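Understanding the architecture of this molecule
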Amino acid sequence: MDDKKNLGVTQNVSFSTRLARIAHPDDVPEKWRNTPIGALIGAHNFEEPIKAKGSPQLLVATCIEYRFQPILPPMYSYIIRRASGRLIGSEFSLVYVLSKGVRHVVLLGHDDCGMTQVSQHAPAMTNVLIEQGWDEDRAKEYIAMNAGRYAIQDEVDSLKQEFFRLKKLFLKVEIAPLFISISSHRLYIPRWYIDYMNKGEDDNAGVNPQDLLLLP
Ligand SMILES: [Zn+2]
């Protein structure tokens, strides 16, 4: 194991108390063992290569970030990559994946996400559009409109909000919120999810999924 692998997101004070390590296969929640979710954890944390199945097993939804790639073979998983990793506006893609038989989804958050600093990036992004021939007002309007849609305040909290939003929309899919450390590429479990699992309750009672489709 090289030194880089020893440096992880848990050394960052913003995350150190909010993420649980998966240091041993026993740390994988029982319901994820022997599932495609457990396989992804094994590939990242225990150097266990995933064997392709020839049919899609998993959807991984994550950020466009270039500093990591989910470790997945061809012929195994769908991947949706969008700024911030949330699926807002991409629910149609998720429905398509489900229509192919997939019932396991990993929402993969990461540290140091550029979408926590959208206001800093906005002027450069506006300039890109102007350089590409856009009218300045139209460019500003476009960036402002979408900045609100893609910006997140905090990577762990954003993952939590998106997990519960999707869980209410899709009742019969196993959704695993996981967090990847950019420095080590190891996966972690948010502590809020462990607390939620320990409560062992289903908070979907009385919710009509269709009513949630228009959530921001
Ligand atoms: Zn990101």
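Note that the coordinates shown come from a computational prediction; the quantities given were computed from them, not determined experimentally.

So, how was this worked out
- Residues numbered from 1 in each chain as written.
- Predicted model: local features only at pLDDT ≥ 70, side-chain atom pairs only at ≥ 80, totals over all residues.
- Heavy atoms only, no water.
- Buried < 20%, exposed > 50% of the residue type's maximum accessible area, 1.4 Å probe, protein only.
- Helix = DSSP H or I, 4+ residues; strand = E, 2+ residues; numbered from the N terminus.
- Arc of directions from axis to C-beta.
- Contact = heavy atoms within 4.5 Å.
- Phe/Tyr/Trp six-rings, centres within 6.5 Å; stacked < 30°, edge-to-face > 60°.
- Axes fitted to C-alpha atoms, helices over the stretch in contact; angles between N-to-C directions.
- Parallel < 35°, antiparallel > 145°, perpendicular 65-115°, else oblique.
- Nonpolar A, V, L, I, M, F, W, Y, C, P; charged D, E, K, R; others polar.

Quick look at helix α7 (residues 191-199) now. Along an α-helix, residues three or four apart share an orientation, since each turn contains 3.6 residues. Residues of α7 that are buried: Trp192, Tyr193 and Tyr196. On an axial view of α7, the arc spanned by its buried residues comes to 100°, and they lie on one face. In α7, the exposed positions that point more than 90 degrees away from the buried face belong to Asp195 and Asn198. Packing partners of the buried residues in α7 comprise α6 (155-169), β5 (174-180) and β6 (187-190). One or two residues past the end of α7 sits Gly200, with phi positive at roughly 65°.

Let's shift gears to the packing of aromatic side chains. This model, assessed by the stated rule, comprises 12 aromatic pairs. Judged by centre distance (5.2 Å) and plane angle (45°), the rings of Phe15 and Phe179 are tilted. One end of the pair, Phe15, is in the loop between α1 (3-6) and β1 (19-21); the other, Phe179, is in strand β5, and 164 residues separate them in sequence. With respect to burial, Phe15 and Phe179 carry one shared label: buried.

Look at α6 against α7: their axes get within 10 Å of each other, and the N-to-C directions meet at 40°. Between α6 and α7, the angle is such that the two are oblique. Contacts between α6 and α7 involve Val156, Leu159, Lys160, Phe163, Phe164 and Lys167 on the former and, on the latter, Trp192, Tyr193 and Tyr196. A per-class count over the contact of α6 with α7 returns 7 nonpolar, no polar and 2 charged.

Note that every value here comes from positions in space, so none of it alone points to a role or purpose.
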